[in-house]
Amino acid sequence: MSTAVFGGTFDPVHTGHVKMAQSAIQQFELCRLVIVPNGNPPHKADITVTDFDHRYNMLKLAFEGMDKVEISDYESREDKFSYSLYTMRYFREVYGEDTYFIIGADSLLSIHLWHEYRTLLKENRFIVFPREGGDELEAVARKYRAMGSEIYFSHMPMIDVSSTQIRSKLSCGSDCEGILCPRVREYINKNSLYGGAL
Ligand code: ATP
């Protein structure tokens, strides 16, 4: 039984993230899925990210009661930028080499911009969720497999939702029904996040 690490900014967590976690647990017969909100994401250094504590609390609410899911504050303990290479090394050390790294197709397509991406690819087994890319995605996966990476695709159909879309809708007063868990929506209201009308 394997573990999977699901990293991201989760600003905020959306129903796509929740469906991804459920689907990965089922398809890959995981015994544990660890959600790791970024402490200080290097690729988002130039944009404002909501406080770690709020993103962590929203994850707790979205995944409340879901078997096999844990939320980790590992990256909040790091002062430096949170590089996936080191985060994955930490979790493989804790849970063993039978550990996957969950990412979306957009992340696989831009992974060449990540810190020491060749080493990251070689050291890890990836579960990739469809998002964009089509034929290009297959070609990129073939190239990375040839470089020594293990890449598996999720069977989950594409889900058209992103945190960017949610932030934009919330700032216009939408309640984001269906793409935001109700408990998360309540938390956002209570804490006046994302500039939405209360
Ligand atoms: P943003 O719009 O702020 O960039 P996001 O919706 O991509 O956020 P993240 O927290 O950055 O959410 O995502 C964490 C991981 O989950 C990334 O690897 C991302 O590619 C993947 N992911 C997020 N939403 C989806 C989705 N709807 N389908 C497939 N993968 C997704």
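Residues numbered from 1 in each chain as written. Predicted model: local features only at pLDDT ≥ 70, side-chain atom pairs only at ≥ 80, totals over all residues. Heavy atoms only, no water.

Caption draft 1: A look at helix H3 (residues 84-95). Spanning 12 residues, H3 covers 16 Å between terminal C-alpha atoms, matching the ideal 16 Å at 1.5 Å per step. Looking only at H3, the buried set comprises Leu85, Thr87, Met88, Phe91 and Arg92. The buried residues of H3 occupy an angular sector of 165° when projected down its axis, which confines them to one face. Those residues of H3 that are buried lie in contact with strand E1 (2-8), strand E2 (30-37), strand E4 (99-104) and helix H5 (117-123). (Helix = DSSP H or I, 4+ residues; strand = E, 2+ residues; numbered from the N terminus. Expected span 1.5 Å × (residues − 1). Buried < 20%, exposed > 50% of the residue type's maximum accessible area, 1.4 Å probe, protein only. Arc of directions from axis to C-beta. Contact = heavy atoms within 4.5 Å.)

Caption draft 2: Structural context of the side chain of Ser162. Topologically, Ser162 is positioned in the loop between strand E6 (150-153) and helix H7 (163-171). Overall, Ser162 belongs to the buried group, its relative accessible area being 18%. A distance of 3.0 Å separates a polar side-chain atom of Ser162 from the backbone nitrogen of Gln165. Leaving out residues up to four positions away in the same chain, Ser162 has contacts with His14 and Arg131. (Polar contact = N/O pair within 3.5 Å; in protein donor to acceptor, adjacent residues only side chain to side chain.)

Caption draft 3: Region of the structure containing helix H8 (residues 182-190). What H8 keeps buried is the set Val184, Arg185, Tyr187 and Ile188. Buried residues of H8, viewed axially, fall in a sector of 160°; they line one side. When the buried face of H8 is taken as reference, the exposed residues oriented beyond 90 degrees from it are Pro182, Glu186 and Lys190. Immediately beyond the C-terminal end of H8, within one or two residues, lies Ser192, with a positive phi of roughly 50°.

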